Amino acid sequence: MNAQNIPAQLAEIIDDFQAMEEPERLQLLLEFSRSLPDLPEHLAGQPELLEQVVECQSPLFLTLEIGDGPEEPVEIYFSAPPEAPTTRGFAGVLHEGLNGLPAAEILAVPDDVPEQLGLTRAITPLRLRGMSAMLARIKRQITDARAAV
Amino acid sequence: MQFRGNGLPSLWRMMTGAKVVSSCLWLGWAETTLDEWKGFAMPVVAAEQNEKFAAYAHPERLVSTDWLAANLDADSLVVVESNEDILLYETGHIPGAVKIDWHTDLNDALTRDYIDGEAFAALLGSKGITRETTVVIYGDKSNWWAAYALWVFTLFGHEDVRLLDGGRDKWIAEGRELTTETPKPAAVEYPVVERRDEAIRAFLPDVFEHFGKPLIDVRSPEEYSGERTTMPAYPEEGTLRGGHIPSAASVPWARAAAADGTFRNREALEAIYKGEAGLSDGDEVIAYCRIGERSSHTWFVLKHLLGFENVRNYDGSWTEWGNAVRVPIVKGTEPGEVPAARR
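Residues numbered from 1 in each chain as written. Chains lettered and ligands numbered in written order. Predicted model: local features only at pLDDT ≥ 70, side-chain atom pairs only at ≥ 80, totals over all residues. Heavy atoms only, no water.

Student: Help me understand the overall build of chain B, please; the structure alone is not making it clear to me.
Tutor: What chain B contains, in helices and strands, is 13 helices and 12 strands. By residue count, 56% of the 343 residues in chain B fall in the buried class. Long-range pairs, those at least 24 residues apart, make up 75% of the contacts in chain B with a sequence separation of at least 6. Approximately 14,200 Å² of chain B is accessible, and the part contributed by carbon and sulfur atoms is 53%. (Helix = DSSP H or I, 4+ residues; strand = E, 2+ residues; numbered from the N terminus. Buried < 20%, exposed > 50% of the residue type's maximum accessible area, 1.4 Å probe, protein only. Contact = heavy atoms within 4.5 Å. Areas by Shrake-Rupley, 256 points an atom, 1.4 Å probe, with all protein chains shown as cover.)

Dropping the structure here:
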C-alpha cells in the first residue's frame, strides 16, 4: 500500500486512468465493463443473496465472501446488466482493484478513490456517485461480516 | 415562430399534413426532384404516415423503427442517440447514429443552465447537423433522455426533430442492426441561434404565476407524497424536503409508455391526462419532475401527441422547489390547495 492506503493493484488502475486523455478514459471504463466476471454458479440465479446498490443509476447488486485465515481475503461479486455499461465499468474497476485483498486493506481504502480516476468531468459527479456507493457498501458488508463472526 | 427563416417548412407541413401522398411515394418524389429544391430550407425527409401516429396531434414528431430502418440512408437525416448511461452508445448503436450526452453535451455545468447558442451551434455542426437537417433522436429507458434532448433542441427552435417510437430497446428487441463503429461526420455549419426559453421552459417564479392552472408532477408516487426524494433505486440528490408543488396532479411519466417503450395510443393517453389528471383542451400546463428529464417526456406527450399548445417544462423541478426558501409544498397523496398569492 502507498501512503494514501491505496492497494497496489488499485493504484495501478488509477495511474492508467490518469495517464489518459478524457475520451480514452471512457474507453478504458468501457473495457472494465466488459471484463467484469459473471457471477459464480453458487450465486447465479439467487438474487436474494446479493445487496442492491440503490445509488447506482442502473441495477447493480453485490455481495462478498471473506475467506479463512488471518489475512481474511475478500472475494467480491457483482451483478449488473449489459445495458448498464457505466455501472458495470465502476464495478469492474473495483473488482480488479480490490478483489482478493485482505479485509483490512479494503477497509483502509480512502472513500474518495472514485474521484481519483479522473472521470469526474467526463462522467459527471452524479454518475460517479454510484461508484462511491459501491465502495461504501463493500466496506460495510465487510464490517458487518466480521462483527457477525 | 421566430426561428423560421422562410415559409417552406410550413409548406412542407401543409403538404405532409394533408396526406396527399404516402410516405414512400413522397420520399421518392422528393428525391427525384431534389435539384429543384436545392437552396431551399425544406426538409426532404417526409413525415411517416401510419394509423397510430395519425391520431396524434403532431404525427410528424415520431418515426417507427420500420420507417427509420428504411430511411437510414436518407440525405439530410441524422440519427442521434441520447441515453442515461454515458457508455451505452459505445456498446453498439444504430448504424450512422451520433451520440449526444444530456449531461456533458447539453448542460452548462457552471451556470446550471443549458448551453448557449454558440455551444449548440458548435455541437450540432460537429455532428453533421445543419439547421435544415431532419434529426431523429432515440435512447434508452423509453426515450426518457431522448425526449430531454429533443426538448433542448426545441429551445433552440430546431425545426425538424423527431423521436424514434420505442427508442433503443425496441430497435434491439426487433433484432435490428447495431454497430460499434463511430461515425466521423464532416463538420457542417450550424447557425448561432439564440436560445428562446419562454415558450416551453418554466422557472420558479413562473410556477407561482401559473398557480390556478394545471401542474403535472411526473415523479413516482413515493416522491409525490414525500415518502422519498429520489426515484426508487436512484441516487439521493440532496433534496431537503419531500412532497410536491401545491395543486399538482400526479401522473408518473412512464404511464405514457407501453411495455415495449413506445408511446401509448392517443385514446389511452387521453384517458390518463384528460380523464384522470383532469386536463382540458386549451389548458396551459407546467410539468416537472426532479431535474426536468422525466418531465421532458411528458412535455413531449402533452405538446406533440395530445396537442396542448402551451406546455412548459419546469426543469428546476423538485431539486429547486424542494429546497427553495419560503416556497410551500404539500405532503401526502392529495394535490392540495393553490397557495395564497405571495408578496
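Student: Can you help me understand the side chain of D160(B) in this one?
Tutor: All names here are of chain B. Looking at the element boundaries, D160 is found in the loop between α7 (140–155) and β7 (161–164). There is a polar contact of 2.6 Å between the side chain of D160 and the side chain of T134. At a separation of 2.9 Å, a polar atom in the side chain of D160 contacts the side chain of R162. (Polar contact = N/O pair within 3.5 Å; in protein donor to acceptor, adjacent residues only side chain to side chain.)

Student: Before we go on, may I ask you to explain the packing of α7(B) against helix α12 (residues 294–305) of chain B in this structure?
Tutor: Packed helix pairs are specified by the crossing angle of their axes together with the interaxial distance, meaning the distance between the axes. Residues and elements named next belong to chain B. In the contact formed by α7 and α12, the axes pass within 7 Å of each other and the chain directions differ by 70°. With respect to each other, α7 and α12 are oriented roughly perpendicular. Here α7 runs over α12; the crossing is left-handed. Two secondary-structure elements touch here, α7 through S142, N143, W144, A147, Y148, L150, W151 and T154 and α12 through R294, S296, H297, W299, F300 and H304. Of the residues assigned to the contact of α7 with α12, the class counts are seven nonpolar, six polar and one charged. (Axes fitted to C-alpha atoms, helices over the stretch in contact; angles between N-to-C directions. Parallel < 35°, antiparallel > 145°, perpendicular 65-115°, else oblique. Left-handed = near helix turned anticlockwise from the far one by under 90°. Nonpolar A, V, L, I, M, F, W, Y, C, P; charged D, E, K, R; others polar.)

Student: Even after reading the chapter, I still don't get α7(B), so can you show me in this structure?
Tutor: An α-helical segment advances 3.6 residues per turn. Residues three or four places apart therefore align on the same side. Residues and elements named next belong to chain B. Helix length check: α7, at 16 residues, gives a terminal C-alpha distance of 22 Å against a target of 22 Å (1.5 Å per residue), a fit within 8%. Summarising burial for α7: 14 of the 16 residues are buried, a large majority. Backbone geometry just downstream of α7 places G157 in the positive-phi region, at approximately 65°. (Expected span 1.5 Å × (residues − 1).)

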